[in-house]
Amino acid sequence: MEFGYKRLYIGGKLVDSFSEERRTVICPATQEVVAEIAWAGKPDAELALVEAQKGFKYWSKLSLAERTQWMLALRSEILKKEDLLRRAIMFEMGKPYAAAGEDIEALVNGLEFYPNAMRNLHDEIIPDLENTHRHKMVHQPAGVAVAYLAWNFPLLNVGYKLGPALAAGCSIIIKPSDFTPLSSYVLGEIIHDMNFPAGVINFLCGSVEEVAITMTKSKIPKVLTMIGSSASGRRIIADSATSIKHISLELGGNAPFIVCEDADIDQAVAIGTALKYGNCGQICVSPNRFIVHETVYEEFVEKFTEKAKTVKVGFGLDKNPDMGPLVNLHDRDRIFKMIQDDVKAGATLVLGGGIPADQPIGHFIEPTILTGLTDQMRCYREEIFGPVAAMMRFSTIDEAIEIGNDTEYGLVSYVFSSNEKTVRKLSEALDFGEVQVNGVKYAIYLPHGGMKESGIGHDCSYLALNDYLVKKRITTAL
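Once a new chain begins, its residue numbering starts again from 1 and follows that chain's sequence as written. Given that this is a predicted model, residues contribute local features only at a pLDDT of at least 70 and side-chain atom pairs are listed and counted only at 80 or more, while totals for whole chains, interfaces and linings are drawn from all residues. Side-chain calculation: all heavy atoms of the structure are included, whereas hydrogens and water are not.

Colleague: Just to check I follow, could you spell out helix 6 (residues 182–193) for this structure?
Modeller: Think of an α-helix as 3.6 residues a turn; residues three or four steps apart then line up on the same face. Under the scheme used here, helices are H or I runs from DSSP no shorter than 4 residues and strands are E runs no shorter than 2 residues, and both carry numbers assigned from the N terminus. Helix span is expected to be 1.5 Å times the residue number reduced by one. With twelve residues, helix 6 ought to run about 16 Å at 1.5 Å a step, and its terminal C-alpha atoms sit 17 Å apart, in line with that. Relative accessibility decides the category of a residue: with a 1.4 Å probe and only protein chains considered, values under 20% of the type maximum give buried, values over 50% give exposed, and everything between is partly exposed. Summarising burial for helix 6: ten of the twelve residues are buried, a large majority. Residues of helix 6 that are buried include every one of Leu 182, Ser 183, Ser 184, Tyr 185, Val 186, Leu 187, Gly 188, Glu 189, Ile 190 and Ile 191, and no others. Looking at the residues trailing helix 6, positive phi occurs at Asn 195, about 60°.

Rendered as structure tokens:
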């Protein structure tokens, strides 16, 4: 095994689970076992809650300067072990080594950004209209946070939660996805070895029934945060009702990618293919429906297809691929079925749709393009979460808006047009938490959040601190 056996990190210690149960981590590119991990159960979840509560009592009393010292020290240790962490991501999900750098960058950026964001979060003075009292709004850490994370960016997702939680003064329990626990367990070892204050950060992976539900229903956590599906988000809201908790959810997406007749087609193709086939399409902000004006539709499809043909599929450092495999066989079968169903319903398979000839082992799939998408097809209604670009035409801006908004999701949308009036109309009318115009940018300082079934709260930016802080009014008589 590439990584051997990894233990839970709870209360400042690397421990076996109470049941001593282990699970294997299998590389989706090679089908080989690359690690074993301790598999947590209900007693481990209960222990993590108690230890995190102890950690919160200590961590919340530290000054921001003291917390910052620890966070920056952790940042330094992560950078020392960057190669190890990148390899863990590469082997647990088949992600290209170069692409795994995005995870590390987000993780270390969060540890650096959020102490500064806290420093800029000043107390608010509220004027007293009668001049009889003085009023001040102050921030306090909310308490123990529990984070449930998706597998598509294993350590980026950790960074989105760890940075604001620690800066705010909260302790945190992180449950990585069952598919990609390895990099989180390796990070737990790094944190352990630097003697980070006990109980402040905890990692454990186990079943939803034994671990997640136990923590969600507990009255100890004051913050529940998740990156995952809308169905899982709804379940967390329901299960959390044993007490009042802060809830922050970054959920699914069905991003429209609207290309107007006056768009820069080459630019739209370059960005569209990068977003669609990056991480094998397993990104919540990946374009789902390409909605292209009828006058440039044929040109766009032709250029998009030629670009997609150049995407290099593979695994490993030596091959330096553009795109790795899907995370598991179930997801590949699901996407194959989506393609088949939509072709039966009238869509045209322009490219791909199968297993790459030179990748018979693993969960690889070819970059795929479907045309003739209609509102009754699965690639229109469902989040694809794979490397399938599904395209359809529109004739008027009002029609593009109607199609774009015709989804229960509202995470991100993309607009390409050189006309200011058109851009303004689309930006105001699209019901999405983000509208990216003639380009794309994500950064730790930029808010990331959705509308409708795509969640509540924000990752990234100073807004993420709101999930881990409570506000208190202090009124003093003059």
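Colleague: What exactly am I supposed to notice about helix 4 (residues 97–119) here?
Modeller: Over its 23 residues, helix 4 extends 35 Å from the first C-alpha to the last, a length consistent with the 33 Å expected when each residue adds 1.5 Å. Considering bend angle alone, the principal kink of helix 4 is centred on Gly 110 and spans about 25°. Working definition for bend: take the seven residues up to and ending at a residue and the seven starting at it, fit an axis to each, and measure the angle between the axes.

Colleague: What exactly am I supposed to notice about the packing of aromatic side chains here?
Modeller: Working definition: an aromatic ring pair is given by the centre-to-centre distance plus the angle between the planes. Note on ring pairs: Phe, Tyr and Trp rings are taken, using the six-membered ring of Trp, and paired if centres are within 6.5 Å. Classes follow the plane angle, with under 30 degrees stacked, over 60 edge-to-face and the rest tilted. This model, assessed by the stated rule, comprises 14 aromatic pairs. Both rings, one in Phe 113 and one in Tyr 114, keep their centres 4.9 Å apart while their planes meet at 85°; by these two values the pair is edge-to-face. The exposure class of Tyr 114 is buried, given its relative accessible area of 0%. Judged by centre distance (4.9 Å) and plane angle (45°), the ring pair of Phe 257 and Phe 290 falls under tilted. With Phe 257 in strand 13 (residues 255–259) and Phe 290 in strand 14 (residues 287–293), the pair connects residues that are 33 residues apart, well separated along the chain.

Colleague: Help me understand the nonpolar core in this model?
Modeller: Burial of nonpolar side chains together is a common tendency in soluble globular proteins. With 156 residues, the main nonpolar core has Leu 162, Phe 196, Ile 201, Leu 204, Phe 257 and Phe 300 as its most contacted residues. Here this core takes ten residues from helix 4, the largest share from any one element. Note on definitions: a residue-residue contact is assigned when non-hydrogen atoms from the two residues lie within 4.5 Å. What Phe 300 contacts, discounting residues up to four positions off in sequence, is Phe 257, Val 259, Ile 265, Ala 268, Val 269, Phe 290, Val 292 and Met 391. To define a nonpolar core, start from buried Ala, Val, Leu, Ile, Met, Phe, Trp, Tyr and Cys residues and group those joined through side-chain atoms within 4.5 Å.

Colleague: Is there a simple way to think about the sheet that holds strand 6 (residues 124–126) in this case?
Modeller: Within a sheet, adjacent strands bond to each other through the backbone by hydrogen bonds, running parallel or antiparallel. The antiparallel open sheet is built from three strands, whose spatial order is 6-7-23. At either margin of the open sheet sits one strand with a lone partner, and together these are strand 6 and strand 23 (469–477). Put simply, the sheet's adjacent strands are angled 25° from each other on average, direction ignored. Whether two strands pair depends on DSSP finding at least two bridges between them. In the sheet, strand 7 (residues 133–141) pairs with strand 23 via nine bridges, with the strands oriented antiparallel. Axes here refer to lines fitted to C-alpha atoms; in helices the fit is confined to the stretch in contact. Angles between the N-to-C directions go from 0 to 180 degrees.

Colleague: How do you make sense of the pairing of strand 17 (residues 388–394) when you look at a structure like this?
Modeller: Here is the key point about a regular strand: its side chains alternate between the two faces of the sheet. Burial of strand 17 is extensive: six of the seven residues sit out of reach of the surface. Examined bridge by bridge, strand 14 and strand 17 share five bridges and lie parallel to one another. Each bridged residue has a counterpart across the sheet, and for Ile 291 the counterpart in strand 17 is Met 392. As judged from the three bridges shared by strand 16 (residues 368–371) and strand 17, these two strands associate in the parallel manner. Its bridge partner being in strand 17, Ile 369 is matched across the sheet by Ala 389.

Colleague: Help me understand the packing of helix 3 (residues 82–93) against helix 4, please; the structure alone is not making it clear to me.
Modeller: Two packed helices can be described by the angle between their axes and the distance between those axes. Interaxial distance between helix 3 and helix 4 falls to 9 Å at its minimum, and their mutual angle equals 115°. Classed by the angle they form, the pair helix 3 and helix 4 counts as roughly perpendicular. Between helix 3 and helix 4 lies a crossing whose hand is right-handed. Where helix 3 abuts helix 4, its residues Glu 82, Asp 83, Leu 85, Arg 86, Arg 87, Ile 89 and Met 90 lie against Tyr 97, Ala 98, Ala 100, Gly 101, Asp 103 and Ile 104. Grouping the amino acids of the contact of helix 3 with helix 4 by side-chain chemistry returns seven nonpolar, one polar and five charged. Note on angle classes: values under 35 degrees are labelled roughly parallel, values over 145 roughly antiparallel, values of 65 to 115 roughly perpendicular, and the remainder oblique. The sense of a crossing depends on the near helix, which, turned anticlockwise from the far helix by less than a right angle, makes the crossing left-handed and, turned clockwise, makes it right-handed. When residues are grouped by polarity, Ala, Val, Leu, Ile, Met, Phe, Trp, Tyr, Cys and Pro land in nonpolar, Asp, Glu, Lys and Arg in charged, and all others, Gly among them, in polar.

Colleague: In this structure, what is going on with the pattern of salt bridges? I would like to understand it.
Modeller: Close approach of charged atoms lets side chains of opposite charge pair. Salt bridge, as used here, is a side-chain nitrogen of Lys or Arg placed within 4 Å of a carboxyl oxygen of Asp or Glu. Evaluated as defined, the whole model comprises 24 salt bridges. Where Glu 77 meets Lys 80, a salt bridge forms, and the shortest distance between an N and an O atom there is 3.1 Å. Residue Glu 77 and its partner Lys 80 are located together in helix 2 (residues 64–80), separated by three residues, close to a single helical turn. Residue classification places Glu 77 among the partly exposed residues on the basis of a relative accessible area of 24%.

Colleague: Just checking my understanding: could you explain the side chain of Asn 254 for this structure?
Modeller: With respect to the helices, strands and loops of the structure, Asn 254 is situated in the loop between strand 12 (246–250) and strand 13. A polar contact of 2.8 Å, which involves the side chain of Asn 254, links it to the side chain of Asn 288. Whenever two N or O atoms come within 3.5 Å, that pair is a polar contact, provided that in protein one can donate a hydrogen and the other can accept it, and provided that, for residues adjacent in sequence, both atoms are side-chain atoms. A polar contact of 3.3 Å, which involves the side chain of Asn 254, links it to the side chain of Thr 407. When neighbours within four sequence positions are excluded, Asn 254 is seen to be in contact with Asn 288, Arg 289, Tyr 380, Arg 381, Glu 382, Thr 407, Tyr 409 and Phe 432.

Colleague: What is the right way to look at the sheet that holds strand 17 in this model?
Modeller: With respect to topology, seven strands assemble into an open sheet ordered 15-16-17-14-13-19-20, the strand pairing being mixed. Of all strands in the sheet, those bounded by a partner on one side alone are strand 15 (348–351) and strand 20 (434–437). This sheet shows a mean twist of 25° between the axes of neighbouring strands, independent of strand direction. Together, strand 13, strand 14, strand 15, strand 16 and strand 17 form the strand contacts of helix 10 (residues 297–308), whose direction differs from that of strand 17 by roughly 170°.

Colleague: Looking at this structure, how should I read the environment of Ala 241?
Modeller: Inspection of the secondary structure assignment puts Ala 241 in the loop between helix 8 (230–239) and strand 12. Overall, the relative accessible area of 66% leaves Ala 241 in the exposed class. A C-alpha to C-alpha distance of 9.3 Å links Ala 241 and Lys 219, two positions 22 residues apart in sequence.

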